[in-house]
Amino acid sequence: MLSRVAENVYWMARYLERAENTARLINTTTQVLLDLPKEASFGWDILLKVAGLDQLYDEFGKETNEMSIMYFLIEDERNPSGLVSSINCARENSRTFREILPKEFWERVNSLYLYMREHAPRTFQSRASRYEVLNQVIDRCQSLSGLLMGCMSHDLAYQFIELGRSIERADMTTRIVDINSAVLFSKQDMALEPLQERLWMAVLKALSAYQMYRRHVCVHVSGQDVLNFLLQDTHFPRSVRHCLGKIDESLATLPHQAVTLRVARKAWRRMAGLRWEGLTPAVLHEYLDQTQTDLGDIHRTLSNQYFHPPVSTADGPQTTLISSQSEQQA
Amino acid sequence: MKISYVEYQKNEAYDELLDRYTHPRAAAQALFEYLNALKPGELETRRRSVDAAIMAMGITFTVYSEAGNIDRAWPFDIIPRVMAKKEWDRIEEGLKQRLIALNLFINDLYNEQKIIKDGVFPREVLAGSHNFREQCRGITPRFGVWAHVCGTDLVRDKDGTIYVLEDNLRVPSGVSYMLENRQIMKRIFPEIFQTCSILPVDDYPTQLHDALAALSPRDGERPVVAVLTPGIYNSAYFEHSYLAQQMGAVLVEGSDLMVDSDDQVYMKTISGPRRVDVIYRRIDDDFIDPEVFRADSSLGVPGLMRAWRAGKVGIANAPGAGVADDKVVYTFVPQIIRYYLDQDAILQNVPSYLCMNETDKDYVLTHLDKLVVKPANESGGYGMIIGPRATHDERLKFAELIRANPRNYMAQPTLSISTAPTLDGDSLVPRHLDLRPFILQSSHLYATTGGLTRVAMRPGSLVVNSSQGGGSKDTWIVETEE
């Protein structure tokens, strides 16, 4: 498999996952904000923080009202992680390897792109139409994942899809958990207790985890249980530990995987070793920061090993290749 | 469905499907019986579902313009162009004859140049050729073949004669649209393929693969074949990807390949470098190897020429094959066929005037309003002038260009190129078209069954290039009882 194709497949999976996560995050946050009493409400800019886009947003110097933030997160092509940008990138990447995916995949990615091109402006008409359009995006992204799972040979290309998806997913989960826990833990006021429960519920919903949490953990929603479920559950597909496990499985099928596997296992051990006794919000935050760094390390070793490796042939001299493709937005 | 008699009465060109009483020709009989049996509005409904299918399948080409590159859906007309097999057989023979002779010619130019020494081909034409590559002198590729894939443009004049308009020997494109057009037609009109005996076109990818595989320097092993594309921003990227997919070949960009000090070509894979045996390149000569040609090219592979010269990799079409893809060289093809094959050309050239000859040049300059003048080395309909349709000022400007560089121009009388019924709303109107068959030469010879029919969608327009607003039709070669 060509290194360039491996990289493009990997990024395509990340972009698709990112689009789905962004759409879900916006929809859930909107619903939660509507539920909250005025004095407890936090601002729309929390979305920027979760997505790690607050600095980029500041550079454009916009106001922090709902409309401007939504425009930035959905349609603004200056935002490389925005919904429209992610979908465009997923489609552009798919074009470069149509020959290795199931035939319908390209048609459906293309159709998602055409849908977004037509309907993105509708997300500004009303919250209702925004909800509807973003739900369509979630549906279509899931149908694409399903197509790959059900109709694609689980070959090397598929492993790079799994890797891209799992890394992006774990990253999103740590971000949502991190920001929300910071917001929540800082408010120690007893009067806010029932409110906290509702916010934790929102965290679960943003990750499509609410029902599974109730089924497997508890009907009541408590901070520590939610954190435990989203970070350490072994069976829930969006928990960080589960994603790290998936990364491990996929890496094990690749050639020359020793270095990358070592880095991935280190991250897995760190997550599995998290203990709740006496854990302060500050320590948790550090822990999540470290997990994000670990994910970044996995990405970097993948890139060095498979996407832009130093090249040598059987009997030729060592040649170091200079990457022609600029590093895509991580 | 109805035929627009108003438009057909005005039509002075030969029509491919209808005779001058607007009765279907023999080969189109079955098609018209089928069309006539459709309910009113049915054709329009099917056309709409074709448009939707093309959009959804993402069959696109890119148009370069100042406003940025636009991905346009491939314009397609659902009324096929039909030709009788008997006529096609003779054309096919002519196409093969032509390619054999052209390859002998190219190989001669890069080696002994006997045709020049024997005074059949003028040395000054070669000297003025942009596409002659000094770096290829002394090489004889496998089978002596330089142009493995050729796209030859054919048109039909008023009296029904088929003429060759030009031979594309560098990186001819369009074959994927020929294949996709047939897929679409089968999706939309499945019934007619049962009743009509339409010859299939879908063995092209297999034939292309075999032609390429035969160029592998490693006999006996399954060769690694790569399609080299400039990337997704090339207007023919869709085709590059499509052909790679159909042939089970690897689609590569220049940066995926490297040539090591052993002169071997490798592609960079996740398991390390892997040897490549044959490259079907869809990049112009100028860009394929910055070590030899344009140093500023980032599309190519440094060292590729070295590897090819050392016989470590097969390249199709061979670098330098474009020397015969020159509109001045074109005018010599009948002599070239006679010289190498001792045969008369089966397919005729359009009568041409070479501006490098004083008398021809004077004739061209005084008859600009009646001629089409083309630059020798351009393709895609760029840089030419259609005299009768140009303004006085445009003609004056063009005359200056010819005087400044006569070797670069040739002229032909404006043919009244043929038409075929094309759907406009619910009626059939005559639109001009041409035909581009694709011919392969390697260990064996092959020609597509029919080819890509390109049609000028605008009334009266003669320009069929997709980059200039042309569309396409499915091309049917049918067996007729005669």
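Residues numbered from 1 in each chain as written. Chains lettered and ligands numbered in written order. Predicted model: local features only at pLDDT ≥ 70, side-chain atom pairs only at ≥ 80, totals over all residues.

## Thoughts on the overall build of chain A
Okay, so step 1: Across its full length, chain A carries 14 helices and 0 strands.
Okay, so step 2: The N-to-C order of helical and strand elements in chain A reads α-α-α-α-α-α-α-α-α-α-α-α-α-α.
Okay, so step 3: The buried share among the 330 residues of chain A stands at 41%.
Okay, so step 4: Long-range contacts, defined as pairs at least 24 residues apart, comprise 66% of the intrachain contacts of chain A with a sequence gap of at least 6. (Helix = DSSP H or I, 4+ residues; strand = E, 2+ residues; numbered from the N terminus. Buried ≥ 20, exposed ≤ 12 C-beta atoms within 10 Å, placed from the backbone. Contact = placed C-beta atoms within 7 Å.)

## Considering the sheet that holds strand β12 (residues 278–281) of chain B
Residues and elements named next belong to chain B.
Okay, so step 1: As summarised here, the arrangement of the 4 strands in space is β8-β7-β12-β13, forming an open sheet in which the pairing is parallel. Of all strands in the sheet, those with a lone pairing partner are β8 (250–253) and β13 (314–316), marking the two edges. Pairs of neighbouring strands in the sheet enclose a mean axial angle of 30 degrees, with direction left out of account.
Okay, so step 2: As paired elements, strand β7 (residues 225–229) and β8 share 4 bridges and run parallel to each other. In the strand pairing of β8, L228 is matched with V252. (Pairing = 2+ DSSP bridges. Axes fitted to C-alpha atoms, helices over the stretch in contact; angles between N-to-C directions.)

## Points about the packing of helix α3 (residues 42–57) of chain B against helix α7 (residues 175–188) of chain B
Residues and elements named next belong to chain B.
Okay, so step 1: Put simply, α3 and α7 touch, their axes get as near as 10 Å, and they point 135 degrees apart. The angle between the axes of α3 and α7 places the two elements in the oblique class. At the point where α3 passes α7, the crossing takes the right-handed sense. Contacts between α3 and α7 involve R46, S49, V50 and A53 from the former and I184, R187 and I188 from the latter.
Okay, so step 2: Residues that form the contact of α3 with α7 fall into these classes: 4 nonpolar, 1 polar and 2 charged. (Parallel < 35°, antiparallel > 145°, perpendicular 65-115°, else oblique. Left-handed = near helix turned anticlockwise from the far one by under 90°. Nonpolar A, V, L, I, M, F, W, Y, C, P; charged D, E, K, R; others polar.)

## Topic: the domain arrangement of chain A
Residue and element names in this part refer to chain A.
Okay, so step 1: For chain A, the domain assignment lists domain 1 (1–152) and domain 2 (153–311).
Okay, so step 2: The interface of domain 1 with domain 2 comprises 26 residues on the first partner and 28 residues on the second.
Okay, so step 3: For the side of domain 1 that touches domain 2, the secondary structure elements donating two or more residues are α1 (3–35) and α2 (46–50).
Okay, so step 4: It is α1 that contributes the most residues to the side of domain 1 that touches domain 2, 16 residues altogether.
Okay, so step 5: For the side of domain 1 that touches domain 2, the per-class residue count stands at 15 nonpolar, 4 polar and 7 charged. (Domains from an automatic or database assignment.)

## Things to note about the pairing of β12(B)
All names here are of chain B.
Okay, so step 1: Covered by surrounding structure in β12 are V278 and Y280 together with I279 and R281, the residues of both alternating faces.
Okay, so step 2: Relative to β12, β7 is paired through 4 bridges, and the arrangement is parallel. The residue bridging A226 from the neighbouring strand is I279, located in β12.
Okay, so step 3: Here 3 bridges tie β12 to β13, and the two strands are oriented parallel to one another. Bridge pairing links I279 to I315 in β13.

## Considering the sheet that holds strand β9 (residues 257–259) of chain B
All names here are of chain B.
Okay, so step 1: Strands sit in the order β9-β10-β11 across an open sheet of 3 strands; the sheet is antiparallel. Each of the sheet's edge strands pairs with one partner strand only, and the pair in question is β9 and β11 (272–275). With direction set aside, neighbouring strand axes in the sheet form an average angle of 40 degrees.
Okay, so step 2: For strand β10 (residues 265–269) and β11, the ladder comprises 4 bridges, and the chain directions are antiparallel. Note on β11: the bridge partner recorded for T269 is G272.

## Here's the deal with the interface of chain A and chain B
Okay, so step 1: Taken together, the contact pairs 25 residues of chain A with 25 residues of chain B.
Okay, so step 2: Listed by contribution, the elements that provide at least two residues to the side of chain A that touches chain B are α1, α5 (83–95) and α6 (103–119) of chain A.
Okay, so step 3: Per element, the largest residue contribution to the side of chain A that touches chain B is 4 residues, and it comes from α6(A).
Okay, so step 4: Split by residue class, the side of chain A that touches chain B holds 10 nonpolar, 8 polar and 7 charged.

## Details of the domain arrangement of chain B
Residues and elements named next belong to chain B.
Okay, so step 1: Along its sequence, chain B is organised into domain 1 (87–161 + 199–341) and domain 2 (351–413).
Okay, so step 2: On a C-alpha basis, the centroid separation for the pair domain 1 and domain 2 is 29 Å.
Okay, so step 3: The interface of domain 1 with domain 2 comprises 7 residues on the first partner and 7 residues on the second.
Okay, so step 4: The residue makeup of the side of domain 1 that touches domain 2, split by class, is 1 nonpolar, 4 polar and 2 charged.

## What about α6(A)?
An α-helix turns once per 3.6 residues; consequently, residues spaced three or four apart project the same way.
Residues and elements named next belong to chain A.
Okay, so step 1: With 17 residues, α6 ought to run about 24 Å at 1.5 Å a step, and its terminal C-alpha atoms sit 25 Å apart, in line with that.
Okay, so step 2: Within α6, the full set of buried residues consists of W106, V109, L112 and M116. Looking straight down α6, one finds its buried side chains confined to an arc of 125 degrees; they lie on one side. For α6, exposure combined with an orientation more than 90 degrees from the buried face picks out K103 and E118. (Expected span 1.5 Å × (residues − 1). Arc of directions from axis to C-beta.)

## Quick notes on the nonpolar core
Okay, so step 1: With 217 residues, the main nonpolar core has A:A6, A:V9, A:V203, B:I106 and B:A226 as its most contacted residues.
Okay, so step 2: Broken down by element, this core gets its largest block of residues, 14 residues, from α1(A). (Core = buried A, V, L, I, M, F, W, Y, C linked by C-beta atoms within 7 Å.)

## Considerations on the environment of A:M12
Residues and elements named next belong to chain A.
Okay, so step 1: Residue position: M12 is located in helix α1.
Okay, so step 2: You can call M12 buried: it has 27 C-beta atoms within 10 Å.
Okay, so step 3: In this structure the C-alpha to C-alpha distance between M12 and R238, which are 226 residues apart in sequence, comes to 19 Å.

## Comments concerning the environment of A:S81
Residue and element names in this part refer to chain A.
Okay, so step 1: Topologically, S81 is positioned in the loop between α4 (66–74) and α5.
Okay, so step 2: Under the C-beta neighbour-count criterion, S81 is labelled partly exposed, with 18 such atoms within 10 Å.
Okay, so step 3: Residues S81 and G52, spaced 29 residues apart in sequence, show a C-alpha to C-alpha distance of 9.6 Å.

## A word on unusual backbone geometry
Residue and element names in this part refer to chain B.
Okay, so step 1: Across the junction of A316 and N317, the peptide omega takes the value -15 degrees, indicating a cis bond.
Okay, so step 2: The residue T22 is not glycine, and still its phi comes out positive at about 50 degrees.
Okay, so step 3: Within the secondary structure layout, T22 lies in the loop between α1 (5–10) and α2 (29–37).
Okay, so step 4: In this structure T22 comes out as partly exposed when scored by C-beta crowding, with 17 C-beta atoms within 10 Å.
Okay, so step 5: Residues other than glycine seldom take positive phi values, yet Q113 does so here, at roughly 60 degrees.
Okay, so step 6: On the secondary structure map, Q113 appears in the loop between α4 (85–110) and α5 (114–117).
Okay, so step 7: Classification of Q113 as partly exposed rests on a count of 14 C-beta atoms within 10 Å.

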